[in-house]
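Below, each chain spelled out in residue letters.
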Amino acid sequence: MEKDNKPGKKQKEAGGSMIIGLSLGVTFGIIFDNLPVWMCLGMGIGLLAPSFFKKKDNDGGEA
């Protein structure tokens with residue numbers, strides 16, 4: 001039962017990159033005076049970032 005409540009490595013990576021993406025989105029939103037659009041873009045980039053940096057084995061499997 002306790003194993004179900006512990007966050008996995010994927011959730012931790014997504015959370016960290018989501019925070020970075022959101023902070024960058026807010027920063028650019030303030031600079032370019034269009035906060036809602038840049039917040040959405042930052043959140044999307046933050047959620048997709050872990051999939052961009054995934055390491056793959058030579059046989060095509062995920063590391």
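In the block above lies the structure referred to throughout.
Residues numbered from 1 in each chain as written. Predicted model: local features only at pLDDT ≥ 70, side-chain atom pairs only at ≥ 80, totals over all residues. Heavy atoms only, no water.

### So, the overall build of the protein
Assigned secondary structure in the protein consists of three helices and zero strands. Beginning at the N terminus, the succession of helices and strands in the protein can be written as α-α-α. Counting across all 63 residues of the protein, residues that qualify as buried make up 13%. Here the analysis covers contacts within the protein between residues at least 6 apart in sequence; of these, 37% occur between residues at least 24 apart. (Helix = DSSP H or I, 4+ residues; strand = E, 2+ residues; numbered from the N terminus. Buried < 20%, exposed > 50% of the residue type's maximum accessible area, 1.4 Å probe, protein only. Contact = heavy atoms within 4.5 Å.)

### Examining helix H3 (residues 35-52)
Counted at 1.5 Å a residue, the expected span for H3 with its 18 residues is 26 Å, and the 25 Å between its end C-alpha atoms agrees. The largest bend along H3 reaches roughly 25° and is located at Gly 46, with the proline Pro 50 sitting one to four residues downstream. Among the residues of H3, Gly 42, Gly 46, Ala 49 and Pro 50 are the ones counted as buried. (Expected span 1.5 Å × (residues − 1). Bend = angle between axes of the 7 residues up to and from the residue.)

### Quick look at the packing of aromatic side chains
For the structure shown, the criterion picks out three aromatic pairs. With centroids separated by 6.1 Å and ring planes inclined at 10°, the aromatic side chains of Phe 28 and Phe 32 adopt a geometry described as stacked. Here Phe 32 and Phe 28 lie together in helix H2 (residues 9-32), a separation of four residues that amounts to about one turn. Ring geometry for Phe 28 and Trp 38: centres 5.5 Å apart, planes at 35°, overall tilted. (Phe/Tyr/Trp six-rings, centres within 6.5 Å; stacked < 30°, edge-to-face > 60°.)

### Concerning a nonpolar patch on the surface
On the surface, Ile 20, Leu 24, Phe 28, Ile 31 and Phe 32 cluster together to form a nonpolar patch covering roughly 520 Å² of accessible area. For Ile 20, the location among the structural elements is in helix H2. The exposure class assigned to Ile 20 is exposed, which follows from its relative accessible area of 53%. (Patch = residues over 30% accessible without salt bridge, like charges linked within 9 Å, V, L, I, M, F, W, Y side chains within 5 Å. Areas by Shrake-Rupley, 256 points an atom, 1.4 Å probe, with all protein chains shown as cover. Salt bridge = Lys/Arg side-chain N within 4 Å of Asp/Glu carboxyl O.)

### Some remarks on unusual backbone geometry
The residue Asp 33 is not glycine, and still its phi comes out positive at about 60°. Under the relative-accessibility criterion, Asp 33 is labelled exposed at 72%.

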